[in-house]
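# An overview of the molecular structure
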Amino acid sequence: MKNGQFFRPTVSIGLLATVLVALPFVAALGGQAWVRILDFAILYAFLALGLNIVVGLAGLLDLGYIAFYAVGAYTWALLASPHFGLHWPIWAILPLGAGLACFAGVLLGSPTLKLRGDYLAIVTLGFGEIVRIFMNNLNAPINITNGPQGITLIDPVSFGAFKFSGTTQIFGLSLSGPQKYYFLLVALAILVIIVNLRLQNSRIGRAWQAIREDEIAAKAVGINTRNLKLLAFAMGASFGGIAGGIFSAMQGFVSPESFSLIESIMILAMVVLGGMGHIPGVILGAVLLTVLPEVLRYGVGPLQMALFGKMLVDPESLRMLVFGLALVLVMRFKPAGLWPSPERKRELQEAAP
Amino acid sequence: MDIFLQQIINGLVQGSIYALVALGYTMVYGIMGLINFAHGEVVMIGTLVTITVAGTLLKAGMPVALAGMAGLMAAVLVCMALGWALERVAYRPLRHAPRLTPLITAIGMSIVLQNLAMMLWGRNYMTFPSLLPKVDFELAGANFTAIQIIIVLVSAATMGGLLLLVYRTKLGMAMRATAQNPAVASLMGVNINRVIAAAFVIGSALGALAGVMVGTYYEIAHYQMGFMLGLKAFTAAVLGGIGNLAGAMLGGVLLGLIEALGAGYIGDLTGGFLGSHYQDIFAFVVLIVVLMFKPSGLFGEKTGDRA
Amino acid sequence: MSEVLLEAKAVAKHFGGVKALRDVSLSIRRGEIYGLIGPNGAGKTTFFNCMTGLYVPDGGGFSFSGTPLVADAPHQAAERGIARTFQNIRLFGNMTALENVMVGRHVRTKAGVLGAMFQNAATRAEEAAIRQRAIDLLHYVRIEDRADDLAKNLSYGDQRRLEIARALATEPQLLCLDEPAAGMNATETAELRELIDGIRRDGTTVLLIEHDVKLVMGLCDRVAVLDYGALVIEDVPAVVQKDQRVIEAYLGA
């Protein structure tokens, strides 16, 4: 019996690790584009898990999460590109980006976190738009962000001489740029998973859940609700900042277009669609919402050509249409998300009249 | 001085439109606590339906006034049907779901409607037919048009009518009762389903009217136009204290004025550092500042935490 | 007698034109069970909410073991040693009974984000202590066999007990119970009485708001009566029971 208990987790972890290692090589068979899609799936999983701290654990509805991602992305872009002629190293920029995003989170959160849930949603949404509008317009009279054109030729992630762009030979294996980023992103994702898991089952996590359940009762037992909400907000923002920095380096290019409201909505949708507060669910949501649109993008056009001999519907709009419908249908038939935590499932079942 | 007056006029016009759209948000929120993100799309569809109907009729040789009325009626009817369908199909099944669920559905419906509109009307900007004569007036150095006057007057009249409906009719009383406490209202014999449907249908009709006004005013329309408009209008509703009809109207007008004055003066205020393309941030900056000091909005009642 | 634990000085609170509290002054002594009674709408719960920081009084204030209480900061009241239950029971419904009590330990523990992330020895020891203390408290209120049930699935009486256990987890000097016997039958009320008596014997001062006059008179060392937001009398039960104004307040209402 004891042997069995030890055996099972080890085997499943081993299996998972094998799949994770093999994945970028399998994807490469379909072309590097698919490895890049994989990279984005993990980057979004990382972002969604960062947002999960805010929405899933602390129960704060944040519709402007992308703003913190933008802060991290522009921090990297400005400090490691020819735009200002700066090429700072990763160990300086990434923490700085996370710190600035965290600061932005505290700045926004400290006056607004006492607001009711839906008001907080609209305020965060507005903040996201403010940040985007500034990035779009801060090219005159002093050119800081280069406006809508964005910033190009951004340095890739590098540790000393080891660059994440271009192909490298390691242990007789040829690793492409996207494949190297893949492993970096997996490492970061594991980090954020551990943070999520450990917070969830801690004194802080319990306090967050208590606030979610009944804020007044939480105050009455001595929980400083304002500080704890701010903590969640700041932590989520920091992870957003880190993800933004990596995004910047991976793309080599940032522009305000990448930080529109629909992106914030997309990440929130990943969290809710997958199963709020449940880590595997959130990851599933992120992977589905990244990969599915790409499949549609590549699949819808050729399929129409094959079926009708011509393009009836613009693939891009069909892709968004399917995304929108998917949100509506999942919420209709699986209101707790596709893969909710067992506790949450139980809550819903018991709440049903 | 003339810039000031000019911007006041522009602000009033834009604000009237915001107010009409904000009413749709505030009614639905007041009754069921849902941010109906798809409402902006309803407005957009109102504009586009008018373009199609009025445009076709004009081409067929119908007089402008008649074609315009037909376009407006068509827009109102289509939007009312759409609002009813939205509630019936998308939101009603979720009435007892977790709080975030209907919000995500609303966002999903917004995306669906936007892309359906793009498939139907294409992704290009469309010209709105001129339905009103272009007459200019001048007052103390500021110019304004007949269209602007009509927009402000029609909005004011419509809002007056809505207030009468809500405070003088049985349906209005049922709506107010449901907003106070749905469970008790239903015990008192109010048909909650009908009240909620009414809020959606009335809100959508107002949205259609606003859509026609936006089209007439800017003479241009686009499948994405509803999103920012909806966002601003929702901001106006929150600014005025969401759930409060008069608050939404005042919030809308106030937001229009702030934006117009802000855009007119931001260059001077910041020594040319920030230009009028920052217009869109005013709505949100004002919102954040107001909520910091008045967490229930300018005219909202102080709602304690519900037990 | 013994030292004053909580003192209310001319506390006033009004909602619009309604004067819910009119300059109420009273003092609770360490170690006693103090009853606060009055007809419906007399201002008992309002007084409670002012004291625990949920409402900001419009006049007057409180001092607790000699130093003033900060208004408008409920979490600080708990930190200072005032714990409360709610008239309409406010548990964390989707957390288990054990977790509810563990949340009560929040204010007396200190593990933060870093502790949670690195799971250092101090954090793990603290977590174990929180759990153990919570289990002990569930035993104390005798619902240990419901530890792993969701709070919302507990029976009404057990929910009342759980709320008391959660309040006790904050190590209060003053435990405030808002109508704990409401909706209970005679047996449950008798058990509750035993529990409250035990809590006092173990060294916690108790403030009891109650409708059940019999329970209050039998259990409390001293009783205060509120009527229309004003203090009518504050004395031992024997005196209060015979007071003409009290009888009028109850019969006249």
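Predicted model, so just to flag it, every value in this text is computed and none were measured.

## Re the pairing of strand S4 (residues 59–64) of chain C
Residues and elements named next belong to chain C. With five bridges joining them, strand S1 (residues 4–15) and S4 adopt antiparallel strand pairing. Along S4, the bridge assignment pairs Ala-12 with Gly-59. In this sheet, strand S5 (residues 67–68) lies alongside S4 in antiparallel orientation, the contact comprising two bridges. By the bridge assignment for S5, Phe-64 is matched with Thr-67. Once S4 ends, the chain turns through two residues before running back antiparallel as S5, passing Ser-65 with a positive phi of about 35°.

## A few points about helix H3 (residues 97–104) of chain C
Since one α-helical turn is 3.6 residues long, residues separated by three or four positions face the same way. Here H3 of chain C lies mainly inside the structure; eight of its eight residues are buried. Within the span of H3 of chain C, buried status applies to Ala-97, Leu-98, Glu-99, Asn-100, Val-101, Met-102, Val-103 and Gly-104 of chain C. Contacts made by the buried residues of H3 of chain C are with helix H7 (203–213) of chain A together with helix H5 (121–140) and helix H6 (156–168) of chain C.

## Describing the packing of helix H2 (residues 39–59) of chain B against helix H4 (residues 100–121) of chain B
Residue and element names in this part refer to chain B. It is the contact of H2 with H4, at a shortest axis distance of 9 Å, that shows an interaxial angle of 15°. By the angle between their directions, the pair H2 and H4 is classed as roughly parallel. Pair H2 / H4 crosses with left-handed handedness. Across from Gly-40, Glu-41, Met-44, Ile-45 and Leu-48 in H2, the residues of H4 making contact are Ser-110, Leu-113, Gln-114, Ala-117 and Trp-121. Per-class residue counts for the contact of H2 with H4 are six nonpolar, three polar and one charged.

## Overview of the interface of chain A and chain B
On the chain B side, the residues contacting the 37 residues of chain A number 37 residues. The set of elements that each furnish at least two residues to the side of chain A that touches chain B consists of helix H4 (90–112), helix H5 (117–137), helix H8 (215–220), helix H10 (261–274) and helix H12 (315–333) of chain A. The leading source of residues in the side of chain A that touches chain B is H5 of chain A, at eleven residues. Its residues placed into classes, the side of chain A that touches chain B shows 27 nonpolar, five polar and five charged.

## Description of unusual backbone geometry
Residue and element names in this part refer to chain C. Positive phi is not limited to glycine here, since Ala-10 has a value of about 45°. The topology assignment puts Ala-10 in strand S1. Here Glu-171, not a glycine, exhibits a phi torsion of approximately 50°, which is positive. With respect to the element layout, Glu-171 can be found in the loop between H6 and strand S7 (174–178). Take Glu-171: there are 16 C-beta atoms within 10 Å of it, and that puts it in the partly exposed class.

## Let's talk about the confidence of the model for chain B
All names here are of chain B. Across chain B, the average pLDDT comes to 87, with 95% of residues at or above 70. With pLDDT under 50 throughout, residues 302–307 is counted as low confidence; its partners more than four residues away or in other chains account for five contacts. In the predicted assembly, ipTM is 0.91 and pTM is 0.86.

## Focus on the environment of Leu-96 of chain A
By the secondary structure assignment, Leu-96 of chain A is in helix H4. For Leu-96 of chain A and Gly-241 of chain A, which are 145 residues apart along the polypeptide, the C-alpha to C-alpha distance reads 8.8 Å.

## Looking at the packing of helix H5 (residues 146–168) of chain B against helix H8 (residues 192–218) of chain B
All names here are of chain B. Where H5 meets H8, the axes come as close as 10 Å, and the angle between the chain directions of the two elements is 170°. By the criterion of interaxial angle, the relationship of H5 to H8 is roughly antiparallel. Together, Ile-147, Ile-151 and Thr-158 of H5 and Leu-206, Leu-209, Met-213, Thr-216 and Tyr-217 of H8 make up the contact between the two elements. In terms of residue class, the contact of H5 with H8 is made up of six nonpolar, two polar and no charged.

## Concerning the sheet that holds strand S2 (residues 18–29) of chain C
Residue and element names in this part refer to chain C. What the four strands build is an open sheet, ordered S2-S1-S4-S5; its pairing is antiparallel. Two strands in the sheet have a free side with no partner beyond their single neighbour: S2 and S5. Inspection of the sheet shows S1 paired to S2 by eight bridges, in the antiparallel sense. Residue pairing in the sheet places His-14 in a bridge with Lys-19 of S2. Sheet strands in contact with helix H1 (residues 44–51) are S1, S2 and S4, and its direction is about 65° off that of S2.

## Observations regarding the confidence of the model for chain A
Predicted confidence across chain A gives a mean pLDDT of 84, with 94% of residues reaching 70 or more. Considering each helix and strand of chain A separately, the mean pLDDT is smallest for helix H13 (residues 342–351) of chain A, with a value of 61, and largest for helix H3 (residues 66–79) of chain A, with 93.

## Overview of the environment of Gly-15 of chain B
Residues and elements named next belong to chain B. The residue Gly-15 is located in helix H1 (residues 2–32) in this model. With 27 C-beta atoms packed within 10 Å, Gly-15 lands in the buried category. Each C-alpha atom of the pair Gly-15 and Ile-258 lies 9.1 Å from the other, and the pair is 243 residues apart in sequence.

## Some details on the sheet that holds S7 of chain C
Residues and elements named next belong to chain C. As summarised here, the arrangement of the six strands in space is S6-S7-S8-S3-S9-S10, forming an open sheet in which the pairing is mixed. Strands with a single pairing partner mark the edges of an open sheet, and in this sheet they are strand S6 (82–84) and strand S10 (230–235). The average undirected angle you get between the axes of adjacent strands in this sheet is 20°. Here strand S9 (residues 222–227) runs beside S10; their pairing, made up of five bridges, is antiparallel. Note on S10: the bridge partner recorded for Leu-226 is Leu-231. Helix-sheet contacts for helix H7 (residues 186–201) involve strand S3 (33–37), S7 and strand S8 (205–209), and the interaxial angle to S8 is about 150°.

## A few points about the environment of Gly-105 of chain A
Residue and element names in this part refer to chain A. Note on placement: Gly-105 falls in helix H4. Taking the C-alpha atoms as reference, Gly-105 lies 26 Å from Pro-280; in sequence the two are 175 residues apart. Apart from the residues lying within four places of it in its own chain, the contact partners of Gly-105 are Phe-68, Phe-233, Ala-234, Gly-236 and Ala-237.

## Quick notes on helix H2 (residues 32–57) of chain A
With 26 residues, H2 of chain A should reach 38 Å at 1.5 Å per residue; the first-to-last C-alpha distance of 36 Å fits that figure. Along its length, H2 of chain A shows its largest kink, about 40°, at Leu-51 of chain A.

Definitions and cut-offs
- Residues numbered from 1 in each chain as written.
- Chains lettered and ligands numbered in written order.
- Predicted model: local features only at pLDDT ≥ 70, side-chain atom pairs only at ≥ 80, totals over all residues.
- Pairing = 2+ DSSP bridges.
- Helix = DSSP H or I, 4+ residues; strand = E, 2+ residues; numbered from the N terminus.
- Buried ≥ 20, exposed ≤ 12 C-beta atoms within 10 Å, placed from the backbone.
- Contact = placed C-beta atoms within 7 Å.
- Axes fitted to C-alpha atoms, helices over the stretch in contact; angles between N-to-C directions.
- Parallel < 35°, antiparallel > 145°, perpendicular 65-115°, else oblique.
- Left-handed = near helix turned anticlockwise from the far one by under 90°.
- Nonpolar A, V, L, I, M, F, W, Y, C, P; charged D, E, K, R; others polar.
- pLDDT = per-residue confidence, 0-100.
- Expected span 1.5 Å × (residues − 1).
- Bend = angle between axes of the 7 residues up to and from the residue.

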